[in-house]
Amino acid sequence: MLGDTLVRDNEDIRLLRGGKADEFNQKAKAGAESIDLKNANLRLADLRGLDLHRVDLSGAYLRKADLRGVDLSQANLEGASLHEAQISGTLLPENLSPEEIMLSVTHGYRMRVKKTVEI
């Protein structure tokens, strides 16, 4: 169904957009799996200081977002776009290659994560 893949809005996204970082971080500490940022429209959002390290940002649109210094080390960024985002000092997941990241930042490419094979 197309509804799951469209850029959308919800309560969690409105917390970010409304500058309610403390409220968002409290919710993240309680359990990041309860935060829904899939396919979020976070264009131009200032995400500095937010607890996003385990959040699902799959399909998120982060054009020109400020991610400087944000820990995304365990975040799901499958299909996310970082076109022209500020990523200086951002800790990104190991399953994203530098090429995927640069293609996304410079051309808006939707990132594909490397799948790990368990032995």
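In case you missed it, the structure is sitting above this.
Quantities reported herein were computed from a predicted structural model and do not represent experimental measurements.

S.K.: Mind showing me how you'd approach the pattern of salt bridges here?
M.R.: Where charged atoms from two side chains of opposite charge come close, those side chains can pair. All chains considered together, the criterion is met by 8 salt bridges. Across the pair Asp56 and Lys38 runs a salt bridge whose closest N-O atoms are separated by 3.8 Å. Placement of the pair is Asp56 in the loop between helix 2 (21–30) and helix 3 (98–107) and Lys38 in the loop between helix 2 and helix 3, with a sequence separation of 18 residues. Classification of Asp56 as buried rests on a relative accessible area of 18%. Ionic pairing is found between Arg68 and Asp66, a salt bridge with its closest N-O pair at 2.6 Å. We classify Asp66 as buried; its relative accessible area is 7%.

Criteria and thresholds
- Residues numbered from 1 in each chain as written.
- Predicted model: local features only at pLDDT ≥ 70, side-chain atom pairs only at ≥ 80, totals over all residues.
- Heavy atoms only, no water.
- Salt bridge = Lys/Arg side-chain N within 4 Å of Asp/Glu carboxyl O.
- Helix = DSSP H or I, 4+ residues; strand = E, 2+ residues; numbered from the N terminus.
- Buried < 20%, exposed > 50% of the residue type's maximum accessible area, 1.4 Å probe, protein only.

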